[in-house]
Amino acid sequence: MRILLTTRKAFEEPRNPIGLLDMAAYLRRLGHEVDVYYLHQIINTRSPRPYDVVGLSVLQSKNPRQPVLDARRLKKNYRARVVVGGKWVQDIPDELVRAFEVEGIERCPGAGETYFQDEPIDYAHYPPWDQKDFLTLQEVHGEIMTMRGCPFRCHFCHNTERTINYFDVDRTVANIKLLGQLGRKQFFIVDDIFAANAAHMEQLYNRLQAEAVTVEGAFAFFAHIQCLNSKTMEWIKKYQPNE
């Protein structure tokens, strides 16, 4: 299939659209052709290239009806099946569910990968990002993820994935090296609880060292207070986070 993936750019807080970068890499491994653009790059144009599926990812939306309007516009412009996914879709009121149904827009409230396959996500062999997506997005930032999921239920957090799944460390290193090749020298590991697993921190640190990637002072990451112990604190000190 030919698939177009898009999302609204967070202009007030520019960051890598990790969900799209992940999905594009995963879907290409499944044999699909995939393009990735920010919504503002394509919303007012009619693509000369036909797509079978247009995927709109929504992390959050200040205007609850904006994703409905965006999806309707995409369906009109591309005349393709439009699917809306992302964290925002997992907890919307019935009136918005009906609004999507009226427009003939599909919703994917779970992990996007599972929309295109019936099998569980293969985290152990999850492919790294592709440089071509940064070329179409026309910008590069330092955010990466080494894992998904968090067992905690903090009231301020939008994370709904309770099961922790680690990406293969070689995949993480490949993404970091790609960002470095594209000019980034500072990286932000946006895992909810990166500093919760000392063995994971050690494995990544050693692989980065083996690939001659500067670690000390080059990374920032989250640390949940309930996960800190003497071992994780030791590795936090070795990373020398920049924030």
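Anyway, here's the lowdown on the structure attached to this text. What you see is a predicted model, and the numbers here were worked out from it, not measured in a lab.

With respect to the packing of helix α7 (residues 169-181) against helix α8 (residues 198-210)
Two elements in contact, α7 and α8, have axes separated by 10 Å at closest approach and are oriented at 50 degrees. The orientation of α7 with respect to α8, classified from their angle, is oblique. Remark: the crossing between α7 and α8 carries right-handed chirality. Residue-level inspection shows V169, D170, T172, V173 and I176 of α7 in contact with α8, the latter providing Q203, L204, R207 and L208. Residues belonging to the contact of α7 with α8 are distributed by class as follows: 5 nonpolar, 2 polar and 2 charged.

A few points about the sheet that holds strand β6 (residues 143-144)
Reading across the sheet, the 3 strands line up as β6-β9-β10 and stay open at both edges, with parallel pairing between neighbours. In this open sheet, the two edge strands, each paired with only one partner strand, are β6 and β10 (219-221). As judged from the 3 bridges shared by strand β9 (residues 187-189) and β10, these two strands associate in the parallel manner. Residue F188 lies in a different strand from β10, and its bridge partner there is A220.

Overview of the sheet that holds strand β4 (residues 81-85)
Strand order across the open sheet formed by 5 strands is β2-β1-β3-β4-β5, with parallel pairing between neighbours. This sheet does not close on itself; its edge strands, each paired only once, are β2 (33-38) and β5 (106-108). Taking each pair of neighbouring strands and ignoring which way they run, the sheet shows an average axis angle of 25 degrees. Relative to β5, β4 runs parallel, the two being bridged by 3 bridges. Bridge pairing in β5 places V83 opposite E106. In the packing of helix α1 (residues 18-29) onto the sheet, the strands contacted are β1 (2-7), β2 and β3 (53-57), and the crossing angle to β1 comes to about 170 degrees.

Looking at the pattern of salt bridges
A full pass over the atoms with the stated rule returns 16 salt bridges. E33 is the partner of R2 in a salt bridge, and the nearest nitrogen-oxygen pair spans 3.8 Å. With R2 in strand β1 and E33 in strand β2, the pair connects residues that are 31 residues apart, well separated along the chain. Judged by relative accessible area, R2 falls into the partly exposed class, the value being 33%. Looking at E33, the relative accessible area reads 40%, which means it is partly exposed.

Description of the nonpolar core
The nonpolar side chains of a soluble globular protein tend to be buried, and buried together. One finds L5, F219, F221 and Y239 to be the most contacted residues of the largest nonpolar core, which totals 48 residues. By residue number, the principal contributor to this core is α1, which donates 7 residues. Once residues within four sequence positions are removed from consideration, F219 is found in contact with I144, I176, F187, I189, L208, T214, P241 and N242. Among the nonpolar cores identified, the runner-up in size contains 23 residues, and L39, Y78, V82 and V84 belong to it.

A few points about the side chain of D133
Mapped onto the secondary structure, D133 falls in helix α6 (residues 131-137). Looking at D133, its side chain comes within polar contact range of the side chain of R28, at 2.7 Å. Beyond its immediate sequence surroundings of up to four residues, D133 is in contact with L21, A24, R28 and V36.

About the thresholds
- Residues numbered from 1 in each chain as written.
- Predicted model: local features only at pLDDT ≥ 70, side-chain atom pairs only at ≥ 80, totals over all residues.
- Heavy atoms only, no water.
- Axes fitted to C-alpha atoms, helices over the stretch in contact; angles between N-to-C directions.
- Helix = DSSP H or I, 4+ residues; strand = E, 2+ residues; numbered from the N terminus.
- Parallel < 35°, antiparallel > 145°, perpendicular 65-115°, else oblique.
- Left-handed = near helix turned anticlockwise from the far one by under 90°.
- Contact = heavy atoms within 4.5 Å.
- Nonpolar A, V, L, I, M, F, W, Y, C, P; charged D, E, K, R; others polar.
- Pairing = 2+ DSSP bridges.
- Salt bridge = Lys/Arg side-chain N within 4 Å of Asp/Glu carboxyl O.
- Buried < 20%, exposed > 50% of the residue type's maximum accessible area, 1.4 Å probe, protein only.
- Core = buried A, V, L, I, M, F, W, Y, C linked by side-chain atoms within 4.5 Å.
- Polar contact = N/O pair within 3.5 Å; in protein donor to acceptor, adjacent residues only side chain to side chain.

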